[in-house]
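Close look at the chain arrangement
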Amino acid sequence: MKIGMVAASVSRSGGGIYEVVRRSALELHRRGSSVSVFGLGDENFAQDRDAWRPVPISVFRSRGYKPFSYAPDLLQALRSAAPDILHNHGLWMYPSVASFRWSRLTQRPYIVSTHGMLDPWAVKHSYWKKKIAGVIYEHRHIMNAACLHALCSAEADAIRRYGLTNPVCMIPCGVDLPVLGLRESTRQEKIFLFLGRIHPKKGLVNLLTAWKLLQRDGASAAHGWKLWIAGWDQGNHEADLYRWCAEQDLEFSVQFVGPKFGMEKDSVLRSADAFVLPSVSEGLPVSVLEAWAYRLPVAMTTHCNLPQGFVVGAAVRIDTTAPSIARGLLDVMAMTDEERSAMGMRGRQLVEQQFSWASYAEQMHSVYSWMNRSEARPGCVSLV
């Protein structure tokens, strides 16, 4: 069985989606599947091309309106590659059009991973653009998918609330486990880390407001802590945040450390003492799984769709408001080093047990085989 994967971004520009596509393709290839990847080129692909080896990857130049990313050569490439199954990671861009047309021309099925893009907050963001895109092409694309992929139960519910009746498979993504030694404690300061896309849905305005509340109230537990914001900017949101920090005299305790990938990301995760994600909308955030893999205690919202973290005591629950975020940060800061270490270890154990790439690839291959009519419907696929 030949599997094709298509995504708008096949470089670090795609954030967590890029990691899901890349690691799932590599794991399926390792298991013996024939996998080819197709994507749109961007300024970071040259740096990341080697990360796909030995999976073959084809990249196409887009034209015209950038948010749509029309790539006229993509459809012909899909037809020439002739996969038995096509897996489209994402919505609202030209790959949706190409996937639907490829299926109509070849009479072969495709699956769509929505990656949180049908979450109510995500749908309301740029609402009218998505409304128009839906009428023109996107509704046709997702309604005709042989299966939709949800990363968690909340995303599966969002798919149903959107009005879609397709079969839905629920398979969480995985995360790589770094080899870790004993944490060094020679630094005077402690680091609370945010790592991810710098975008309004991540709740960073309220995170900074919460940080200001802690500084204003002089919380003793917050003494000696710094907030690192690591990530890649989208829509010039970082400049707005940086300007706000300057106005609030937070420049000493808040540092924007830029995008981190590869060894730089490894270094920043090893340097941190805790992790925070105050998002208002997520699919299944790879950044939280990575933080747990590095044994970091986490403060996160329920919108991160990882309730297991609260159940096992690997995370502190916050909501999206600044006061709640401040309370959550303070709870983590007030812990002893041993308590934070124990919380982080519970997160590491959770990732080891439930979020492996081997499990993801095995389940996804069973879905592909069912779509290809070579196996019975797997248990991870729901028809209602």
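Everything numeric here is computed off the predicted structure, so don't read it as measured data.

Our next topic: the sheet that holds strand 12 (residues 298-301). In spatial order, the strands read 10-9-8-11-12-13; together these 6 strands make up an open sheet with parallel pairing. The open sheet is flanked by strand 10 (254-258) and strand 13 (315-318), the only strands paired with a single partner. Shown here is a sheet whose adjacent strand axes are inclined to one another by a mean of 25 degrees, direction ignored. When strand 8 (residues 190-195) meets strand 9 (residues 225-230), the two strands line up parallel, connected through 6 bridges. Each bridged residue has a counterpart across the sheet, and for L195 the counterpart in strand 9 is A230.

This part takes up the side chain of H141. Inspection of the secondary structure assignment puts H141 in helix 6 (residues 127-143). Aside from chain neighbours lying at most four places away, what touches H141 is N88, G90, L91, S96, S99, F100, Y110 and V112.

Take the packing of helix 8 (residues 204-217) against helix 9 (residues 237-247) next. Between helix 8 and helix 9, the least distance of the axes is 11 Å, while the angle of their chain directions is 15 degrees. In terms of orientation, helix 8 lies roughly parallel with respect to helix 9. In this structure, helix 8 meets helix 9 at a crossing whose hand is right-handed. Between helix 8 and helix 9, the residues in contact are L204, V205, L208, T209 and K212 and H237, L241, W244 and C245, respectively.

Moving on: helix 14 (residues 337-354). With 18 residues, helix 14 ought to run about 26 Å at 1.5 Å a step, and its terminal C-alpha atoms sit 26 Å apart, in line with that. Of all the residues in helix 14, the buried ones are R340, M343, G344, G347, R348, L350 and V351. Looking straight down helix 14, one finds its buried side chains confined to an arc of 160 degrees; they lie on one side. Seen from the open side of helix 14, the exposed residues pointing more than 90 degrees away from its buried face are E338 and Q353.

So, about the packing of helix 11 (residues 286-293) against helix 14. Running from N to C, helix 11 and helix 14 point in directions that differ by 115 degrees, and their axes come no closer than 7 Å. Judged on the interaxial angle alone, helix 14 and helix 11 are roughly perpendicular. Here the hand of the crossing between helix 11 and helix 14 comes out left-handed. Between helix 11, through L289, W292 and A293, and helix 14, the contact on the second element is made entirely by G344, G347, R348, L350 and V351. Here the contact of helix 11 with helix 14 is built from residues that sort into 5 nonpolar, 2 polar and 1 charged.

Take the sheet that holds strand 2 (residues 34-40) next. Strand pairing in a sheet relies on backbone hydrogen bonds, with the paired strands running either antiparallel or parallel. One open sheet holds the 8 strands; their spatial order is 3-2-1-4-5-6-7-14, and the pairing between them is mixed. The open sheet is flanked by strand 3 (57-60) and strand 14 (381-382), the only strands paired with a single partner. Bridge analysis of strand 7 (residues 168-170) against strand 14 gives 2 bridges, and the strand direction is antiparallel. By the bridge assignment for strand 14, V168 is matched with S382. Across the sheet, helix 3 (residues 73-81) is in contact with strand 1 (2-9), strand 2, strand 3 and strand 4 (85-89); its angle to strand 2 comes to roughly 175 degrees. In the packing of helix 7 (residues 153-161) onto the sheet, contacts are made with strand 6 (147-150), strand 7 and strand 14, and the angle to strand 6 comes to roughly 140 degrees.

The next thing to look at is the pairing of strand 8. A large share of strand 8 lies buried, amounting to 5 of its 6 residues. Between the parallel pair strand 8 and strand 9, the chain is carried across by helix 8, and the sense of this crossover is right-handed. Of the strand pairs in this sheet, strand 8 and strand 11 (residues 274-277) are connected by 2 bridges, and their pairing is parallel. Opposite L193, over in strand 11, you have F275 as the bridge partner.

Among the structural elements, N206 can be located in helix 8. When its relative accessible area of 30% is taken as the criterion, N206 is described as partly exposed. Once residues within four sequence positions are removed from consideration, N206 is found in contact with T320, T321, A322 and I325.

To continue, consider the pattern of salt bridges. Using the criterion set out here, one finds 13 salt bridges in the structure. Among the ionic pairs, R22 bridges to E19, the shortest N-O distance being 3.1 Å. Note that R22 and E19 are positioned in helix 1 (residues 15-30) at a spacing of 3 residues, about one turn of the helix. With its nearest N and O atoms 2.8 Å apart, the salt bridge here joins E290 to K265. Here the residue E290 occupies a position in helix 11, and K265 occupies one in helix 10 (residues 262-271), the gap between them amounting to 25 residues. The residues E290 and K265 share a single accessibility class, namely buried. Connected through shared salt-bridge partners, K190, D337 and R340 make up one network.

What counts and how
Residues numbered from 1 in each chain as written. Predicted model: local features only at pLDDT ≥ 70, side-chain atom pairs only at ≥ 80, totals over all residues. Heavy atoms only, no water. Pairing = 2+ DSSP bridges. Helix = DSSP H or I, 4+ residues; strand = E, 2+ residues; numbered from the N terminus. Axes fitted to C-alpha atoms, helices over the stretch in contact; angles between N-to-C directions. Contact = heavy atoms within 4.5 Å. Parallel < 35°, antiparallel > 145°, perpendicular 65-115°, else oblique. Left-handed = near helix turned anticlockwise from the far one by under 90°. Expected span 1.5 Å × (residues − 1). Buried < 20%, exposed > 50% of the residue type's maximum accessible area, 1.4 Å probe, protein only. Arc of directions from axis to C-beta. Nonpolar A, V, L, I, M, F, W, Y, C, P; charged D, E, K, R; others polar. Right-handed = clockwise from strand over helix to strand, strands pointing away. Salt bridge = Lys/Arg side-chain N within 4 Å of Asp/Glu carboxyl O.

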